[in-house]
Each structure stands twice: as structure tokens, then as C-alpha cells.
Amino acid sequence: MDYFLGYDLGSSSIKVSLIEAATGKTVSSFISPAVEMEISSPQNGWAEQDPEVWWLNAILATQGVLKGFKVDPHAIKAIGIAYQMHGLVLVDSNRNLLRPSIIWCDSRAVEIGQDAYRQLGEKYCMNRLLNSPGNFTASKLKWVKENEPSVYARIHKMMLPGDYLAMRMTDHINTTASGLSEGMLWDYESGNVPDELLEYYGIDKSLIPEVVPTFAEQGKLTEKAAGFLGLKPGTPITYRAGDQPNNAFSLKVLNPGEIAATAGTSGVIYGIVDKPTADVLSRVNTFIHVNDTASDHRYGVLLCVNGTGILNSWLRKTLSVNGNMLSYQEMNDLAESAPIGSDGLSVLPFGNGAERMLENQNLNASFQGLNLNRHTNAHLCRAVQEGIVFSIAYGFEILNSIKIKAKTIRAGQANMFLSDVFCETFCNITGATIELVNTDGAQGAARGAGVGLGYFKTVEEAFDGLAVLKKYVPDPAKKDEYFKAYENWKKVLNKQLLN
């Protein structure tokens, strides 16, 4: 029996899944660490993680998978990697880290990207980058050049988080066009790195890794890495993608009009189009999708709300008593006991860095309309979930303005999508049917490994075993209640935006 191994490098944990090639069945999964990985914030608006911690937890999660299912390492034919997008990892010529990774929710480079947009002009940015340089990886690298020149002088290569994990496994440094596009390091007109942006930033083009295909052999496990992981030396990595393109792939969201969603640390809507699509304000962002080809182009338009599951996690910790925390299911049950609209309590979930959807404003999270005589923990739990959904719905209005509309949205049955309140609010506000599917990012990465290896004759074969577990459809009888709550929430948001 043959197997594929998938890694999902998130900002909270590393998940590893082992799937049976012939059936697509997941035979073992493991998450490390058991509690969320730390995000360091040395200054307000900064967010960093130590890539060595990623590697350590990748080792532990792999060992956990192998303990959960006895498999001959020779039977694991290929590895796929999914990873948190937009991060910056820097190494010297000996492949040693030069500083912590500046991760996706870090806001320090906002002004750098905004200045670049003004200087390079809307025409160049929208036609060549499909986005403002914004707070993306290229701008973060420029920040290092300006503020840490001694670090910049020692850089051999810059990488995305998944590139770093692959380097630790194979000793090769490379990346993908899809990955570079998410960092504003891809010129859609030339089909290469963006010379004009790099020249403007004064960034040496040699710092960008070699570009390899998303589905292809990208390196093989070294003996040293295989020893740490408990795998066979020479096992190839045959797939790599950012977490949101990979999530869409894992949900079989591959063609124009199809839409994927996630609601982990951040909340994301990711819609597929076949023509370059841009929002001139860069509130939503366009990247190369995993199945893009020269003859059949595929792009993913991404809406991101940074403060999603992280807000729910904060509330869980805040409601704890003497270290005893409610389970997420208990919080979901509390939320269900409160009325739609949370009795006038509105929550803005924007407490995890600058929000691109709000033109890179950082409003922070806030609770509005809290009545000390009426509101209980149940109202808090529901208001948090509603606030997250309303934020995503607000972003949907932007997507609608560039002709991306949703009839059906697919998501994994995980994180916030485990809550009936969250799902019901989501489908009633967007008007879309929500399909929850038996998959996750690590499983998607494992399937991608099979495609990259050439094991499957068609991409369709890679999705054997994929099934819709549950559907939520809009309830016309509750529509008015949900929209009344949403309109009240938008009034609160608009007031904050004017301040």
C-alpha cells in the first residue's frame, strides 16, 4: 500500500496527515504543539515567530503520525507542504537563520508598501502586481533593509515559511510562482520576478530563490532530516502551496466561480477566477492559484480578516477561572443560547494587526453596546462569532463589487465552522449554501503530493474519499433578524472608521 504525507504549517500549530493513496482515506493525523505556538510582538503591530520552533513541531507531529499508524517509511512515496502565507524568513550562506520570521499578521511594513504604491503608480501595481505592494513579503524585506542593514547585508536567500520547512527537509532553497505572487514578488505581465519593484526597493534580485513548479519534485529528504522525522531518505517533496490556495485545493475548489473558506486564526474567503482581477484599493488580493497553467489560467482572489479564531481563543482564555477554560464546544453551546444579534452587543474583531480589507487600518478589537445588567457570557460568545461573520460579510461586499459572487461556499469542518451559530449566521448573511467537507490543509497537502508525483492520472482522482459532511442553507424566516444585527454592526464599524 502506498501513502502520501502532508504538512500544514500554521501560525498556531503544525498538522501532519498521512493518507492512503488508493482511497484518499486519512489513516493518521497529529498536531503539535498541543497549545498554540507563541506569536511574539516586540513592538505594537509586530508579529514574529521562530522558524526553528516550526521545524521542531514538524518533527514532533511527524513522529506522532507514525506512532498513530504503523507504516513502513518506504511506503510513503511523497510529501506535500502547505504553509502560512506572506511570512519572511532570512538565512545566510550557511542556511542559518538571521532573525525571527516576520509573519503574515505583522503590520510594520504598511507605510513602506503604501509609499511604493504612490511612487510606482496605480497602473503599474494593478497591471503588473494585481495588488498594492502593501504589507506583503517584499515590503517586509524592504523594512529589514532599512532598519536592520547588518542583517540585510548577510542575507543569502529570503524565503516564505513553507520554503524554509522544505529547506530543512531537503537542503535545497527554492520557491514557487504561486508563493512569490503572494509576497508581491511576481510580475504577471513578464511572468517573472518584478524588476521595477525590486529596483525601487533596492532589493538584490539574487536574494529570490529558484522557482520550481507547484506540482513537481522540489527536493528529496536528506539523511539527516529523514533521521529526525523517522522517514526514508530520498523521499521527494512534490507539492508546495500557501495555506489558502492549498485549502482551496483540498476542498476541490479549482475552477472559476468556486469559492473556499477558512476560519482559523484568520478568516478567509478565496474565490477562483480565470482572468486577472484586481481591487484598486487592494482590500482583497489576487494571487496565482495552484492549478494555474499557461493554457488555463487560474487565480485566487483572497479576502482576509486577521482577527478571527484568535479572537475566539482570546475570549476562551479571558473567561477562564483559575486556569480552567471552557471548551470550544461549551462556548458554542453558550452562543446558541443567546438570541440573534446578541441583544445589541456588537464586536469588531480587528485586533490582530492591520486589516487589508479596511485599507490597512488597525482598529483593534472592541465590544460595543455592552450592558452590564443584561449581557452574559452567552452574549459574549455569540457576539464574537457574529462579529467575525459580519466582518467577512463586509468583505464579501467588496468581492461582489469585482463580480465575485457566491452560491456555494466550501469549508473544512474545523475551527469556527464547528459552530452551528457561526455557520448559520454565515449562510444567512451571505445568502450562500455552506458545504462542510471532510478535509483539512494537511490532507490537501498530502493529496497535492500525489498529484506532483504523477501518481494520479487526473487531478479528479486525487479527491477520492472527499465528501460533504453537512450543509447549511439560508433560512428565509430568520433573514430579517440576521440583517438587522448586521446593519447594526456596520453602523458601529462605520463610526469607528470615521474616528
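Quick notes on the rules
- Residues numbered from 1 in each chain as written.
- Predicted model: local features only at pLDDT ≥ 70, side-chain atom pairs only at ≥ 80, totals over all residues.
- Heavy atoms only, no water.
- Helix = DSSP H or I, 4+ residues; strand = E, 2+ residues; numbered from the N terminus.
- Buried < 20%, exposed > 50% of the residue type's maximum accessible area, 1.4 Å probe, protein only.
- Contact = heavy atoms within 4.5 Å.
- Areas by Shrake-Rupley, 256 points an atom, 1.4 Å probe, with all protein chains shown as cover.
- Salt bridge = Lys/Arg side-chain N within 4 Å of Asp/Glu carboxyl O.
- Pairing = 2+ DSSP bridges.
- Axes fitted to C-alpha atoms, helices over the stretch in contact; angles between N-to-C directions.
- Arc of directions from axis to C-beta.
- Polar contact = N/O pair within 3.5 Å; in protein donor to acceptor, adjacent residues only side chain to side chain.

A. Structural view of the overall build of the protein. Counting its secondary structure elements, the protein contains 16 helices and 20 strands. In terms of its C-alpha atoms, the protein occupies a principal-axis envelope of roughly 65 × 55 × 50 Å. In the protein, which comprises 499 residues, the proportion classed as buried is 60%. Look at the contacts in the protein between residues 6 or more apart in sequence, and 74% of them connect residues 24 or more apart. With an accessible surface of roughly 19,500 Å², the protein has 48% of that area assigned to carbon and sulfur atoms.

B. View of the pattern of salt bridges. All told, the structure shown has 24 salt bridges when counted by the stated rule. With a closest N to O distance of 2.4 Å, Lys-15 and Asp-440 form a salt bridge. With Lys-15 in strand S2 (residues 14–20) and Asp-440 in the loop between strand S19 (433–437) and helix H15 (441–453), the pair connects residues that are 425 residues apart, well separated along the chain. For Asp-440, a relative accessible area of 15% corresponds to the buried category. A salt bridge links Glu-397 to Lys-490, with the shortest nitrogen-to-oxygen separation between them at 3.1 Å. Residue Glu-397 is found in helix H13 (residues 377–401), and its partner Lys-490 is found in helix H16 (residues 479–498); the two are separated by 93 residues along the sequence. When its relative accessible area of 37% is taken as the criterion, Glu-397 is described as partly exposed. What you see here is one network of salt bridges that share partners, running through Glu-48, Arg-99, Asp-106, Arg-108 and Glu-148.

C. Examining the sheet that holds strand S13 (residues 267–273) more closely. Strand order across the open sheet formed by seven strands is S14-S15-S13-S12-S18-S19-S20, with mixed pairing between neighbours. Either end of the sheet is taken by a strand with one partner, and the two such strands are strand S14 (285–288) and strand S20 (468–472). Neighbouring strand axes in the sheet, compared pairwise and without regard to direction, differ in orientation by 25 degrees on average. Relative to strand S15 (residues 299–305), H13 is tilted by about 145 degrees, and along the sheet it contacts S13, S15 and strand S18 (408–412).

D. Looking closely at the environment of Ser-295. Within the secondary structure, Ser-295 is located in the loop between S14 and S15. Taking C-alpha positions, Ser-295 is 52 Å from Thr-318, a pair spaced 23 residues apart along the chain.

E. The arrangement of helix H12 (residues 328–337) in detail. Turning to H12, its buried residues number three or more, namely Met-331, Asn-332 and Ala-335. For H12, the angular spread of buried residues about the axis comes to 100 degrees, placing them on one side. Where H12 is buried, its residues meet helix H11 (309–318), H13 and helix H14 (420–430).

F. A look at the side chain of Ser-181. Structurally, Ser-181 is set in helix H7 (residues 177–182). Given the relative accessible area of 1%, Ser-181 is considered buried. Polar contacts involving the side chain of Ser-181 include one to the main-chain amide nitrogen of Ile-288, which spans 3.0 Å. Excluding residues that lie within four positions of it along the chain, Ser-181 makes contacts with Trp-186, Tyr-188, Phe-287 and Ile-288.

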